[in-house]
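Close look at the chain arrangement
Chain by chain, the residues:
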Amino acid sequence: MSRYLFPQDYMADPSAHVFNDKIYVYPSHDWDSGEAFDDDGGHFQMKDYHVLRIDGNPMEADVTDCGKILDVEDVPWAEKQMWDNDVVEVNGKYHLIFAAKDYNGVFRLGVAIADRPEGPFIPQADPIRKSYSIDPCVFKDDDGAIYVYFGGIWGGQLQWYRDNKALKDEYLPTGKEPAIPARVARMTPDGMQFSEMPRPVVVVDEQGQPLTADDPHRFFEASWMHKMYGKYYFSYSTGDSHLLCYAVGDNPYGPFTYQGVILNPVVGWTTHHSILEYHGHWYLFHHDCVPSHDTTWLRSVKVAELQVDKDGKIHTLE
């Protein structure tokens, strides 16, 4: 069983959290810009963010669009393409971490702050120092430490970086070369900057070897982190093989051992998600393009309940 949360509008990349016993979903906001399809995502020209509030069980409760919480015109450093975002509570404030292209055509991560989960969010004048690429997931650990997981290849530009330095030419590994990993950085206590240089998020097989570039389960984009049964669950999209996969580790930095597929391919090119526990049940928020008849830049947000074994294994959803 699954449910479209807000069929009145096209939204994608849902980041779901519980604040004040309500579920808040922070998606990107699709629209038909008229841009041509290309492998670098030029047809995804999102220009603002909304937030959805769910007052109860997400499989049946009412869903409210709380309205626009941030517009690209309000962000001094950002020119266009407001892609994925996520929100974390920091000292009673709510920090929205988002990805957008600057005026040099480079994706950066920014911070915007609000007094309430519903926003509106006020952006900082500059992007996060040392940030690059897309798809931030903000994870607060049990000790209060905040980590940002990020990165995406192809249009997400991660192939233009190595060891946190920009390359003169992009490099995409092939065959049995190790796949490009996501990145993670711990944030400063005020939730405004990275407190360290980003580190690779390595996904390994049962023998402890990094997944290779030709593995259909390797990382592509859409990082998500949640904690369950004392373990750290790093989940992600495989991009051109169209899966959501997960790997498990003992600490926020990994390495994470590959475990399996969460969601098989859906209608539409992209797959992007978040995982949330609410009142003792686990839920998968994601999107597909069924309502838009497979128009890949017009996506619709969905939710489905996850089945999790007592040993922490996640059952695959169709």
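A brief report on the enclosed structure follows.

This part takes up the sheet that holds strand E24 (residues 300-305). Spatial strand order, E1-E24-E23-E22: four strands in an open sheet with antiparallel pairing. At either margin of the open sheet sits one strand with a lone partner, and together these are strand E1 (2-4) and strand E22 (274-278). Across the sheet, the mean angle from the axis of one strand to that of its neighbour is 30°, orientation sign disregarded.

Another point: the side chain of Ser 131. You can see Ser 131 is positioned in the loop between strand E10 (122-123) and strand E11 (137-140). Since its relative accessible area comes to 2%, Ser 131 is described here as buried. At 2.7 Å, the side chain of Ser 131 forms a polar contact with the backbone oxygen of Ile 128. In this structure, Ser 131 is in contact with Arg 108, Leu 109 and Phe 194, ignoring residues within four places of it in sequence.

Pairs of aromatic rings are described using the distance from one ring centre to the other and the angle between the two planes. All chains considered together, the criterion is met by 20 aromatic pairs. Consider the rings of Tyr 132 and Tyr 161, whose centres lie 4.2 Å apart with planes at 15°: the pair is stacked. With Tyr 132 in the loop between E10 and E11 and Tyr 161 in strand E13 (residues 161-162), this pair connects stretches of sequence that are 29 residues apart. Note on Tyr 161: relative accessible area 13%, which makes it buried. The side chain of Lys 47 reaches across the aromatic face of Trp 31, ending 3.9 Å from its centre. Cation over ring: Arg 199 sits above Tyr 253, and NZ or CZ is 3.7 Å from the ring centre.

Further remarks concern the pattern of salt bridges. One pass over the structure, following the stated rule, counts 16 salt bridges. The shortest N-O distance in the salt bridge between Asp 142 and Lys 227 comes to 3.0 Å. You can see Asp 142 sitting in the loop between E11 and strand E12 (146-150) and its partner Lys 227 sitting in strand E18 (residues 221-228), a full 85 residues away along the chain. A residue is classified by how much of its surface remains accessible, and Asp 142, at 67% relative accessible area, is exposed. As a salt-bridge pair, Asp 250 and Lys 231 come within 2.5 Å of each other at their nearest N and O atoms. Residue Asp 250 is found in the loop between strand E20 (244-249) and strand E21 (256-263), and its partner Lys 231 is found in strand E19 (residues 231-237); the two are separated by 19 residues along the sequence.

This part takes up the nonpolar core. If you look at the biggest cluster of nonpolar residues, it comprises 64 residues, and the most contacted ones within it are Tyr 149, Met 225, Phe 234, Tyr 236, Ile 262, Leu 284 and Leu 306. In this structure, Ile 262 is in contact with Ser 235, Leu 244, Cys 245, Tyr 246, Ile 275, Leu 284, Leu 306, Ile 314, His 315, Thr 316 and Leu 317, ignoring residues within four places of it in sequence. Formed by 20 residues, the second largest nonpolar core is a distinct cluster that contains Tyr 24, Tyr 26, Val 75 and Tyr 94.

Sheet strands pair via backbone hydrogen bonds, and the direction of the pair is either parallel or antiparallel. Spatially, four strands are ordered E2-E3-E4-E5 in an open sheet, and the strand pairing comes out antiparallel. Edge positions in the open sheet fall to strand E2 (11-19) and strand E5 (63-71), since each of these has one partner strand only. Across this sheet, the average inter-strand angle for adjacent strands is 25°, counted without regard to direction. Pairing geometry for strand E4 (residues 48-54) and E5, over six bridges, is antiparallel. Bridge pairing in E5 links Leu 52 to Asp 65.

Now for unusual backbone geometry. Cis rather than trans, the peptide bond between Gly 119 and Pro 120 has omega equal to 5°. Note on placement: Pro 120 falls in the loop between strand E9 (107-114) and E10. Residue Pro 255 follows Gly 254 across a cis peptide bond; omega there is 5°. Of note, the phi angle at Asn 20 is positive, near 55°, even though the residue is not glycine. Within the fold, Asn 20 resides in the loop between E2 and strand E3 (22-29). On the basis of relative accessible area, Asn 20 is assigned to the exposed category, the value being 57%. Even without a glycine there, the phi angle at Lys 130 is positive, about 75°. Of note, Lys 130 is situated in the loop between E10 and E11. According to the relative accessible area criterion, Lys 130 is partly exposed, its value standing at 40%.

The rules behind these values
Counting restarts for each chain, with residues numbered from 1 along the sequence as it is written. For a predicted model such as this one, the threshold for reporting local features is a pLDDT of at least 70, and the threshold for listing and counting side-chain atom pairs is 80 or more; totals across whole chains, interfaces and linings nevertheless cover every residue. Excluding hydrogens and water, the side-chain figures rest on all heavy atoms present in the structure. The criterion for strand pairing is that DSSP finds at least two bridges linking the strands in question. Put simply, DSSP H or I for four residues or longer makes a helix, DSSP E for two residues or longer makes a strand, and each gets a number counted from the N terminus. Inter-axis angles, ranging from 0 to 180 degrees, are taken between N-to-C directions of lines fitted to C-alpha atoms, where helices are fitted over the stretch in contact. Accessible area is worked out with a 1.4 Å probe on protein chains only. A residue is then buried under 20% of its type maximum, exposed over 50%, and partly exposed in between. Polar contact criterion, stated in full: a pair of N or O atoms within 3.5 Å, where within protein one must be able to donate a hydrogen and the other to accept it, and residues adjacent in sequence count only if both atoms are side-chain atoms. Only heavy atoms enter the contact rule, under which two residues are in contact if any of them lie within 4.5 Å. Within 6.5 Å between ring centres, the rings of Phe, Tyr and Trp (the latter by its six-membered ring) count as paired, and their orientation is classed by plane angle as stacked under 30 degrees, edge-to-face over 60, tilted in between. Comment: the charge-over-ring label is applied if NZ (Lys) or CZ (Arg) is within 6 Å of the ring centre and within 35 degrees of the ring normal. Think of a salt bridge as a Lys or Arg side-chain nitrogen and an Asp or Glu carboxyl oxygen that are within 4 Å of each other. Residue types Ala, Val, Leu, Ile, Met, Phe, Trp, Tyr and Cys, when buried and joined through side-chain atoms within 4.5 Å, form a set referred to as a nonpolar core.

None of this, on its own, says anything about what the molecule does.
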